[in-house]
Amino acid sequence: MTLGLCMIVKDEAAVLGRCLDSAAGVFDEIIIVDTGSTDATKEIARRYTKDVFDFAWRQDFAAARNFSFAKATADYCMWLDADEVLLPKDAAALRALKETLSGAIGRYFLRTVIPAADGSCALTFERARIVRRGTALWQGRVHEDMIAGGKITHANISVTHLGKPKSDPFRNIRIFARAFADGEMPNARQTYYFARELADCGLYRTAIDVFAHFLHGEGWVEDQISACLALARCLHRTGRPNAAMRALLYSFSYAPPRAETCCALGDLCREAEKFADALFWYKLALNVGPTCGNGFADPNCGGYIPCMWLCVCCDRLGDKERACAWNERAGQYKPQDPNFLQNREYFARTLQNGG
């Protein structure tokens, strides 16, 4: 069976070639839908495929996605954004997966990985990336979601999101506002992402209200847990650390503690100089380990981050030897990390001098 790539683009000249180079030899067809580029995006796209189409932008990402999928002829369709790439190992794994396509699976979920500056994984989550042609419908003007039936499977393949600078951070808020003005009532998922956009733009007080509204309704449990974390960040940034702690603890009503939540609770205690309390939460983050699931997860919260803060807290409490031990454990996760190496030098001097 065949696999096609469907993309929507606008002014992506800086990153589109990088994306399509990474996908070379994987797909049987490439569909690129341009929503109004004013740079060289379409010229670059035509170097890789003859199937480049125009779509009049109408403040609706789902409509553009549906148009791109409608142009496909392959048995299965996969989507990528222009600021994403397939690393060589993932491109090879995707080529191998293509050989197994039979029509029995309706949707394949792949990981999205957002790398940190040092090359490690800063954030990971899963999304439906591959779907049997003719079975999917995109919904939502922004932060659109694929609705499809059929059997689901999770493939051990990652899409790496390299990102690009935001030229217009308020764009998505304007799209939401247009939808609301047109009388569209947001579902739970759209409410959650509207709150995230507000928070990302620094509109913390409004975001607090929208997150609270979302948490009082129904929603995907992973979004609810993430909303508690995001709400806590907004409360913290508006000078309400106690309310932030309550928001984090509320996440335990949805699922057992996650490493990300435990680290956030540890951070609040540490900032309040309650170092013994902070030790409890950071140790719990280590015991819980990296979060496994489909929602947003920072693998460092189950290892490196709590070890490093345990080092700091023990040092503040005057236990230099234990602080040194925690720093060494942090170094097991990131042996070339400059903070770990600087701490190692500090403890070498301090302990040698009897500190």
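Scoring rules and cut-offs
Residues numbered from 1 in each chain as written. Predicted model: local features only at pLDDT ≥ 70, side-chain atom pairs only at ≥ 80, totals over all residues. Heavy atoms only, no water. Buried < 20%, exposed > 50% of the residue type's maximum accessible area, 1.4 Å probe, protein only. Helix = DSSP H or I, 4+ residues; strand = E, 2+ residues; numbered from the N terminus. Pairing = 2+ DSSP bridges. Axes fitted to C-alpha atoms, helices over the stretch in contact; angles between N-to-C directions. Parallel < 35°, antiparallel > 145°, perpendicular 65-115°, else oblique. Left-handed = near helix turned anticlockwise from the far one by under 90°. Contact = heavy atoms within 4.5 Å. Nonpolar A, V, L, I, M, F, W, Y, C, P; charged D, E, K, R; others polar.

K.L.:
Looking at this structure, how should I read the pairing of strand E2 (residues 29-34)?
P.N.:
The side chains of a regular strand alternate between the sheet's two faces. With six of its six residues buried, E2 lies for the most part within the structure. Burial of E2 is two-sided: the residues Glu29, Ile31 and Val33 facing one way and the residues Ile30, Ile32 and Asp34 facing the other way are all buried. Bridge analysis of strand E1 (residues 3-9) against E2 gives six bridges, and the strand direction is parallel. Of the residues in E2, the one forming a bridge with Met7 is Ile32. Bridging between E2 and strand E3 (residues 52-54) involves three bridges; their strand directions are parallel. Residue pairing for E3: Val33 is matched across the bridge by Phe53.

K.L.:
Is there a simple way to explain the packing of helix H12 (residues 304-316) against helix H13 (residues 320-333) in this structure?
P.N.:
Helix packing for two helices is described by the angle between their axes and how far apart those axes are. In contact at an axis separation of 8 Å, H12 and H13 are set at 165 degrees when each is read in the N-to-C sense. With respect to their mutual orientation, H12 and H13 come out roughly antiparallel. Classified by chirality, the crossing of H13 by H12 is left-handed. Contacts between H12 and H13 involve Tyr304, Cys307, Met308, Leu310, Cys311, Cys314 and Asp315 from the former and Lys320, Arg322, Ala323, Trp326, Asn327, Arg329, Ala330 and Tyr333 from the latter. By residue class, the composition of the contact of H12 with H13 is 10 nonpolar, one polar and four charged.

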